[in-house]
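Each chain, letter by letter, is given below.
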2 protein chains.
Amino acid sequence: MNIGDVASRSGLPAKTIRYYEDIGLIKPHRSANGYRCFAETDLHKLAFLGRARALGFTIEDCRTLMALYEDESRASADVKQLAQEHLAKIEAKIADLQAMRDTLGELVKGCAGDSRPDCPILKDLSGKG
Amino acid sequence: MNIGDVASRSGLPAKTIRYYEDIGLIKPHRSANGYRCFAETDLHKLAFLGRARALGFTIEDCRTLMALYEDESRASADVKQLAQEHLAKIEAKIADLQAMRDTLGELVKGCAGDSRPDCPILKDLSGKG
DNA sequence: TATGAGGGTTCCTGTCAGTGGAAGGTCAAG
DNA sequence: CTTGACCTTCCACTGACAGGAACCCTCATA
């Protein structure tokens, strides 16, 4: 398979696939003309990466997850720990964003949104005043 | 005031303050020795920026908000619209993260986390199979 | 007077995970 | 033979700073 084929089959942009090769996540062979030549296992790895990234794992996490996946003698505890740590980060980020949403929501609600200059949003940003 | 003073009084790192000057958000004067020389208004602007950034507004949003703040003839509708658009982005991000959290939470829950290799997390990432 | 500590300055590089684009090689169809 | 779709590499850019090098300024102390 050429890169265009794996791109459409994996759902990842060709640029991203080249990047993943660049950083050593995949190692496709090369055809005589220099084109990347992907096997089914490469496609499978890319799909794995795509799903892991969609769950918000960092590239380094993905590297670790792939290594665990390929290690038949892994302990599921290692996978679980990585996932739990990631989960905790996600939850922290959600909490941060919810706090922003709550504050901002209140401010927006209190703003007339008309042609006059008085605005509780700016008032708050300027230090309540 | 020197940069260290405004840093501690605004809560922003000196590096960030220099960066904000670099991109034109603030324009402190200079003393004879070349040091930045901050007035109270600069401090006030930095505090404004700090609060806007804490609410997740982008730097460009902050630029716009500062301009609106300084424009006595602004319409609060413009502020409100900016804030509402930002709010919508925050809510979208929260929804994304919640979807991740839900999926990942399920997977983590189903993982034994012991010394054996069987792992629903890896199974899911590899395409359910 | 020398020295050291603790400010300040600029400039360059790195972060993260790609994206955009230029310049050029390769291949199948018309 | 040419067109157009594909592929290649390489370089620059993103946002919002952080880290660090190399150097300057000021003050207190030995």
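Residues numbered from 1 in each chain as written. Chains lettered and ligands numbered in written order. Predicted model: local features only at pLDDT ≥ 70, side-chain atom pairs only at ≥ 80, totals over all residues. Heavy atoms only, no water.

Describe the interface of chain B and chain A, listing the residues and the values that go with them.
Each partner contributes residues to the interface: chain B has 51 residues there, and chain A has 51 residues. Summed over both sides, the interface of chain B with chain A buries roughly 4200 Å², with 75% coming from carbon and sulfur. When the area that chain B buries against chain A is broken down by residue, the three leading residues are Leu104, Leu122 and Leu125 of chain B, summing to 16%. At the junction of chain B with chain A, the criterion picks out 18 residue pairs in polar contact (both at pLDDT 80 or more). (Contact = heavy atoms within 4.5 Å. Buried area = accessible area lost by both parts, 1.4 Å probe. Polar contact = N/O pair within 3.5 Å; in protein donor to acceptor, adjacent residues only side chain to side chain.)

So what's going on with the packing of helix 4 (residues 59-70) of chain B against helix 5 (residues 76-110) of chain B? Residues and values would help.
Residues and elements named next belong to chain B. At a closest axis distance of 10 Å, the pairing of helix 4 and helix 5 adopts a crossing angle of 160°. The pairing of helix 4 with helix 5 is recorded here as roughly antiparallel in orientation. Judged by the sense of rotation from one axis to the other, the crossing of helix 4 with helix 5 is left-handed. Touching Asp61, Thr64, Leu65 and Leu68 of helix 4 are Asp78, Val79 and Leu82, all from helix 5. Tallied by class, the residues present in the contact of helix 4 with helix 5 amount to four nonpolar, one polar and two charged. (Axes fitted to C-alpha atoms, helices over the stretch in contact; angles between N-to-C directions. Helix = DSSP H or I, 4+ residues; strand = E, 2+ residues; numbered from the N terminus. Parallel < 35°, antiparallel > 145°, perpendicular 65-115°, else oblique. Left-handed = near helix turned anticlockwise from the far one by under 90°. Nonpolar A, V, L, I, M, F, W, Y, C, P; charged D, E, K, R; others polar.)

Which residues make up the protein's contact with DNA strand D, and what are the values?
Within the structure, DNA strand D sits among 19 residues, and Gly4 and Arg36 of chain A together with Lys15, Tyr20 and Arg53 of chain B are positioned closest to it. Taking all atoms of DNA strand D within 4 Å of the protein, the share assigned to sugar and phosphate is 71%. The separation between a phosphate oxygen of DNA strand D and a polar main-chain atom of Gly4 of chain A is 2.6 Å. The set of elements that each furnish at least two residues to the surface near DNA strand D consists of helix 1 (3-10) and helix 2 (14-22) of chain A together with helix 2 (14-22) of chain B. By residue number, the principal contributor to the surface near DNA strand D is helix 2 of chain B, which donates four residues. (Near = heavy atom within 4 Å.)

I'd like a rundown of the relation of the copies chain B and chain A, residues and numbers included.
With an axial shift of 0.0 Å and an RMSD of 0.1 Å, the rotation relating chain B to chain A amounts to 180°. Within this description, the copies of the chain are treated as partners about a two-fold rotation axis. Distance from the rotation axis, computed per C-alpha, reaches its smallest value in chain B at Ile94 of chain B: 2.9 Å. A share of 100% of the interface residues of chain B reappears at the interface of chain A, consistent with the copies meeting face to face through the same patch. (Least-squares fit on C-alpha atoms with pLDDT ≥ 70 in both.)

Describe in detail the domain arrangement of chain A, supporting the description with residues and values.
Residues and elements named next belong to chain A. With domains assigned, chain A is organised as domain 1 (1-74) and domain 2 (81-129). Here the C-alpha centre of domain 2 lies 37 Å away from the C-alpha centre of domain 1. Each partner contributes residues to the interface: domain 1 has six residues there, and domain 2 has four residues. Together, the buried faces of domain 1 and domain 2 total about 390 Å²; carbon and sulfur atoms form 73% of this surface. Among the residues domain 1 hides against domain 2, the three largest losses belong to Leu55, Phe57 and Asp61. Together they make up 71% of the total. There are zero salt bridges connecting domain 1 and domain 2. The tally of links from domain 1 across to domain 2 stands at three residue pairs in polar contact (both at pLDDT 80 or more). (Domains from an automatic or database assignment. Salt bridge = Lys/Arg side-chain N within 4 Å of Asp/Glu carboxyl O.)

For helix 4 of chain B, give the residues involved together with the corresponding values.
Between its terminal C-alpha atoms helix 4 of chain B stretches 16 Å, which fits the 16 Å expected from 12 residues at 1.5 Å a residue. Those residues of helix 4 of chain B not exposed but buried are Ile59, Asp61, Cys62, Leu65, Met66 and Leu68 of chain B. Looking at the buried positions of helix 4 of chain B, the neighbouring elements they touch are helix 6 (120-125) of chain A together with helix 2, helix 3 (40-54) and helix 5 of chain B. (Expected span 1.5 Å × (residues − 1). Buried < 20%, exposed > 50% of the residue type's maximum accessible area, 1.4 Å probe, protein only.)

So what about the protein's contact with DNA strand C? Which residues, and what values?
Taken together, 18 residues lie near DNA strand C, and Lys15, Tyr20 and Arg53 of chain A together with Gly4 and Arg36 of chain B sit nearest. At a separation of 2.7 Å, a phosphate oxygen of DNA strand C approaches a polar side-chain atom of Thr16 of chain A. One of the backbone N or O atoms of Ile59 of chain A is found 3.2 Å from a phosphate oxygen in DNA strand C. Put simply, the parts of the chain that give the surface near DNA strand C at least two residues each are helix 2 of chain A together with helix 1 (3-10) of chain B. By residue number, the principal contributor to the surface near DNA strand C is helix 2 of chain A, which donates four residues. For the surface near DNA strand C, the residue count by class is seven nonpolar, six polar and five charged.

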